[in-house]
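Topology and contacts: notes
Listed below are the residues making up each chain.
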Amino acid sequence: MPETVHISEVFMMTMTTPALLFPAISLLLLAYTNRFLVLAQLIRQLNNREGEQVRDLAKRQIVNLRQRIVLIRSMQRWGVISFLLCTLSMFALFLSWELAGQVFFGASLVSLLLSLVMSLFEIQISCNAINIELESLENR
């Protein structure tokens, strides 16, 4: 006869569970910061290259860059919120507040998911930016 398992045993968490997310979130935030820095460099180069007269192609790039900046800032914000909630989850579990730890951990996962979805949108916009550059090459 199979042994019965209580639902509370299935969802039992230790501090190790949220701690597993720490390296992933840290690396993700580092990648987001690198994307932001590269974007800032591209904007400075575009500004230096265009000078006073801004071509139509550059105007399209500016719109694209502005969208990407907004998305990257949101990606970073949700990543940091995920990190904070993960830390709160560990703290709650440390204090033996299991339900609070589970809630914080679940909220951390949702925040991380939001960050990753925004990252997908930013990647799509980045691909559009490359297509704008390719279009420029074709027109030469």
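A brief report on the enclosed structure follows. (Residues numbered from 1 in each chain as written. Predicted model: local features only at pLDDT ≥ 70, side-chain atom pairs only at ≥ 80, totals over all residues. Heavy atoms only, no water.)

**Details of the packing of aromatic side chains**
All told, the structure shown has 1 aromatic pair when counted by the stated rule. Centroid distance Phe22 to Phe83: 4.8 Å. Interplanar angle 65 degrees. Geometry classified as edge-to-face. Separated by 61 residues along the polypeptide, Phe22 in helix α3 (residues 21-50) and Phe83 in helix α4 (residues 56-94) bring together distant segments of the chain. Owing to a relative accessible area of 24%, Phe22 belongs among the partly exposed residues under this scheme. Note on Phe83: relative accessible area 23%, which makes it partly exposed. (Phe/Tyr/Trp six-rings, centres within 6.5 Å; stacked < 30°, edge-to-face > 60°. Helix = DSSP H or I, 4+ residues; strand = E, 2+ residues; numbered from the N terminus. Buried < 20%, exposed > 50% of the residue type's maximum accessible area, 1.4 Å probe, protein only.)

**Considering the nonpolar core**
Leu21, Ile25, Tyr32, Met75 and Leu112 are the most contacted members of the largest nonpolar core, which has 19 residues in total. Among the secondary structure elements, those contributing two or more residues to this core are α3, α4 and α5 (98-139). If near-sequence neighbours (up to four positions away) are discounted, Ile25 is found in contact with Gly79, Ser82, Phe83, Cys86, Ser108 and Leu112. (Core = buried A, V, L, I, M, F, W, Y, C linked by side-chain atoms within 4.5 Å. Contact = heavy atoms within 4.5 Å.)

**Looking at the side chain of Ser89**
Here Ser89 shows up in helix α4. A distance of 2.8 Å separates the side chain of Ser89 from the backbone oxygen of Gly101, its partner in a polar contact. (Polar contact = N/O pair within 3.5 Å; in protein donor to acceptor, adjacent residues only side chain to side chain.)

**Remarks on the pattern of salt bridges**
The full count for this structure, using the stated rule, is 2 salt bridges. Arg35 serves as the salt-bridge partner of Glu122, at 2.6 Å between the closest nitrogen and oxygen. With Glu122 in helix α5 and Arg35 in helix α3, this residue pair connects regions lying 87 residues apart in the sequence. Given the relative accessible area of 0%, Glu122 is considered buried. A salt bridge links Glu122 to Arg68; the shortest N-O distance between them is 2.8 Å. (Salt bridge = Lys/Arg side-chain N within 4 Å of Asp/Glu carboxyl O.)

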